[in-house]
Amino acid sequence: HIGNLSIDTSLSEDFRMAEIVAEAQTDCPERVTIRVLEPDGAECAKARCDENGRAVLTLMAPRLWNTESPVMYTLEFSCCGEYIYKTVGLKKLSFDSDGLRLNGREIKLNGMIYEPSPCASPSELKKDVLKMKRANLNAVAICAGCSDDALLGLCDRYGLLAFHSVDINASAFEAAGSKAYASEVTFFPLIAERITKQTTLLCNHTSLSGWLLDRFC
């Protein structure tokens, strides 16, 4: 049985090579094979996991994910007749003296704050995301508490840079034993803990580009 999966990507400085590091938790890690498939289904890389369940796959001349052409590759994990599929895009978001860059090119964010109902259906989320794209938005600030995984999956697919709020408020500080929001003793460890938790849950989404601190009320 293939358990938890993690995927990490990196691009060379000239964007001519990509590296995908994939890990799978299983009782038989060396039996896990990972294939990288192009959007049309053609295989472009293949590797078998080592004894730690880790595999490194290299792509030459990769197709990059961006907000106008959100190319997504598919990773196929297989072990003893079990198959699991995950999608992944290749992007590099950086910041220099000239501003924000996506895959080395300057980009200006045009976005909105989005807070759907916690019980919004996948079809409702998709409808909203498509409205954002029709409005020529390329970014969205997501308020915590909605269907995070489904929403980020749509941002991956349709090309929206997603900035997710940290799910924290006054009650979290009080539970930690302090109401001193500006106290370094309470503030920074609590923020770090929440970001680490959410990153672990959502890190495999290409669209996830940063975190927002907006709920101190």
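Described below are features of the structure shown in this document. In this text, all values refer to a predicted model and were calculated from it rather than measured experimentally. (Residues numbered from 1 in each chain as written. Predicted model: local features only at pLDDT ≥ 70, side-chain atom pairs only at ≥ 80, totals over all residues. Heavy atoms only, no water.)

### Digging into the sheet that holds strand β14 (residues 208-212)
Hydrogen bonds between backbone groups are what pair the strands of a sheet, and the pairing can be parallel or antiparallel. Formally: Strand pairing is assigned whenever DSSP identifies at least 2 bridges connecting the two strands. In this text, helices come from DSSP runs of H or I with a minimum length of four residues, and strands from runs of E with a minimum of two, each type numbered from the N-terminal end. Only C-alpha atoms enter the line fits that serve as axes; for helices the fit covers just the stretch in contact. Angles between N-to-C directions range over 0 to 180 degrees.
The four strands are arranged β11-β12-β13-β14 in an open sheet whose pairing can be described as parallel. Two strands close off the open sheet at either side, each with one partner strand: β11 (111-114) and β14. Taking the axes of each pair of neighbouring strands and ignoring which way they run, one obtains an average angle of 20 degrees across the sheet.

### Notes on the sheet that holds strand β4 (residues 43-48)
Within the open sheet, the four strands sit side by side as β4-β3-β6-β7. Their pairing is antiparallel. With one partner strand each, in any of the chains shown, β4 and β7 (82-88) form the two edges of the open sheet. Each neighbouring strand pair of the sheet contributes to a mean axis angle of 20 degrees, computed without reference to strand direction. As paired strands, strand β3 (residues 33-37) and strand β6 (residues 73-79) are joined by five bridges and run antiparallel to one another. Across the sheet, Val36 pairs through a bridge with Leu75, a residue of β6.

### Details of the packing of helix α1 (residues 122-134) against helix α2 (residues 148-158)
Threshold: Whether a crossing is left-handed or right-handed is set by the direction in which the near helix is turned from the far one by less than a right angle, anticlockwise for left-handed and clockwise for right-handed. A contact between two residues is defined here by any heavy atoms of the two lying within 4.5 Å.
Interaxial distance between α1 and α2 falls to 10 Å at its minimum, and their mutual angle equals 40 degrees. In this structure, the crossing between α1 and α2 has a hand that is right-handed. On α2, the residues that touch Pro122, Leu125, Lys126, Val129, Leu130 and Lys133 of α1 are Ala150, Leu151, Leu154, Arg157 and Tyr158.

### With respect to the nonpolar core
If you look at soluble globular proteins, the nonpolar side chains tend to sit buried side by side. Our working definition: Residues grouped as a nonpolar core are buried Ala, Val, Leu, Ile, Met, Phe, Trp, Tyr and Cys residues, joined through side-chain atoms within 4.5 Å. Buried residues are those whose accessible area, probed at 1.4 Å on protein chains only, stays under 20% of the maximum for their type, while exposed residues exceed 50% and partly exposed ones sit between those limits.
Counting residues in each nonpolar core, the largest one holds 26 residues, and the members touching the most others are Ile20, Ile34, Val36, Leu59, Leu75, Phe77 and Leu90. Discounting residues that sit within four places of it in the chain, Leu75 has contacts with Ile7, Ile20, Ala22, Ile34, Arg35, Val36, Ile84, Tyr85, Lys86 and Val88. Residues Ala120, Met132, Val140 and Ala162 belong to the second largest nonpolar core, which totals 15 residues.

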